[in-house]
Structures are given as C-alpha cells and as structure tokens.
Amino acid sequence: MWVKGLPFKISFFMWKRWKGNLPLDDVIRRMGYYMPSKYWCCVMPKDEILSHVFYRSLTALKVWSYFYSHAGLSREGLNLHQAIEKYWTTKPGIDRVPFRWLDILRMMENYTPKLKFNKVSWELPMTGWTKINTDGALRGNPGRSSLGFCLRNEEGDQVYACGKEIQEVTNTQAETRAIMEALKHCLTNEMNNI
C-alpha cells in the first residue's frame, strides 16, 4: 500500500482499511452508536461491515477471484487480513505484511522486487517458408481494439505488414482476429509454406 506512484490518499485509505478504521457501521457500533445497517450495493443487502464490503460482497468476490486466480491462489477459509497477507507474500522478498504503520513504511522503503525473466529469441523460418508474427491489442477488456501482423521471409526480411483498428472485442478475440487476418492474407496471396 505504500509504493511509489500510488497517490497518498489511496495508500492512506488502504492503511485505514487494513487497520479496520473506516467509518462503516461495525466500526461506528464499536464507538457506541447503533443505527439501521444495510450495504445497498448488493443484490441481497447485508450489514455494512468491513468484511462484507471488502471481502464477501458480490463486487469484492469478483475482484478477489480475478487477482487470486491470476496468482494461482485460493482464498477459501481465509478472512480478509489473511487473504491480503497471503496475496502479498506471493511477491518475492515479502514474508509477511506488518500491522504497525512504521513497520509497513520501513518494509516498503526497503523492498526491492526480484525480477524474473526468460530469454526469448526469434528464429528465422526454414528455407522457402514465411513466418507470421501477430498481435491483438486493446484498451480495456473488452475495449477499443486493434490488430497487427507481419510476414518475414527466410532471411528475416519483412515481406508484408498490416495494422488496423477493429470493433471492440475481448483480448482473446483480438489475438484470434490477428491470426485469422494474417492467414487470410496468406491464402489470398497463395502463400502456402507459413
């Protein structure tokens, strides 16, 4: 929550959430004030408590499922603090998230991510063959979309390239469209060894 580039108000909000000090109904009850409570952002409204708003509501479940699935984690049986800590400890170099403000600041100031990379090399196509490289791109998912592809001969020289905007699609559809457009071009120009 205390990283360079993240606005202070967002970091501060996240810290207040971590400490359980947001002015939601369960926090206000701890101060001795009781009132009717409903979190109206859900189809079936529940009490407006920290764990529901940030962990069990339909919106929260979608967000957690998205990030946890991409990290290869399961949030089953975890409460909100455990889920946050488990997600953070998947980052190399972070063993656990401290609870105290100064400890969090100290940890984040000293944190250096360990970058992992794989060497990738592009190989020339075989003699008499053409290699196609494709890409689909978009803003949002779905969102404003485009595709591109290029063809290279056995010496690696570019034979043809195309890039164009397409209708709004998902990222998978954009990637697939790029492949299809490249193959159509090859068929139209009677290029068989691709």
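That block above? That's the structure.
Quick caveat, the model's predicted, so the values are computed rather than measured.

**Details of unusual backbone geometry**
Phi at glutamate 190 takes a positive value of approximately 50°, unusual for a residue other than glycine. For glutamate 190, the location among the structural elements is in the segment after helix H7 (171-188).

**Describing helix H4 (residues 58-71)**
In this model, H4 (14 residues) spans 20 Å end to end at C-alpha, consistent with the 20 Å of a helix rising 1.5 Å per residue. Three or more residues of H4 are buried, namely Ala60, Trp64 and Tyr68. Projected down its long axis, H4 carries its buried residues within an arc of 45°, all on one side. Exposed residues lying more than 90 degrees from the buried face of H4 are Thr59, Lys62 and His70.

**A short note on the sheet that holds strand E2 (residues 143-152)**
A sheet is described by the order of its strands in space; here three strands give the open sequence E1-E2-E3, paired in antiparallel fashion. Of all the strands in the sheet, the pair left with one neighbour each is strand E1 (131-140) and strand E3 (158-169). The sheet shows a mean angle of 15° between the axes of neighbouring strands, taken without regard to direction. When E1 meets E2, the two strands line up antiparallel, connected through 10 bridges. From the neighbouring strand, lysine 131 faces E2, where its bridge partner is arginine 152.

**Describing the pairing of E3**
Pairing of E2 with E3, which is carried by nine bridges, proceeds in the antiparallel orientation. Considered in E3, the bridge of phenylalanine 149 is made with cysteine 162. Remark: five residues form the turn of the hairpin made by E2 and E3, two consecutive strands paired antiparallel; glycine 156 in that turn has positive phi of roughly 90°.

**Some remarks on the pattern of salt bridges**
Opposite charge on two side chains permits pairing when their charged atoms draw close. One pass over the full model with this rule turns up three salt bridges. Of the charged contacts, one joins glutamate 181 and lysine 164 as a salt bridge, the two residues approaching to 3.1 Å between their closest N and O atoms. One end of the pair, glutamate 181, is in helix H7; the other, lysine 164, is in strand E3, with 17 residues separating them in the sequence. By relative accessible area, which is 15% here, glutamate 181 ends up buried. By relative accessible area, lysine 164 is classed as partly exposed at 34%. Residues joined in a network through salt bridges with shared partners are Lys164, Arg177 and Glu181.

What counts, and where the lines are drawn
Residues numbered from 1 in each chain as written. Predicted model: local features only at pLDDT ≥ 70, side-chain atom pairs only at ≥ 80, totals over all residues. Heavy atoms only, no water. Helix = DSSP H or I, 4+ residues; strand = E, 2+ residues; numbered from the N terminus. Expected span 1.5 Å × (residues − 1). Buried < 20%, exposed > 50% of the residue type's maximum accessible area, 1.4 Å probe, protein only. Arc of directions from axis to C-beta. Pairing = 2+ DSSP bridges. Axes fitted to C-alpha atoms, helices over the stretch in contact; angles between N-to-C directions. Salt bridge = Lys/Arg side-chain N within 4 Å of Asp/Glu carboxyl O.

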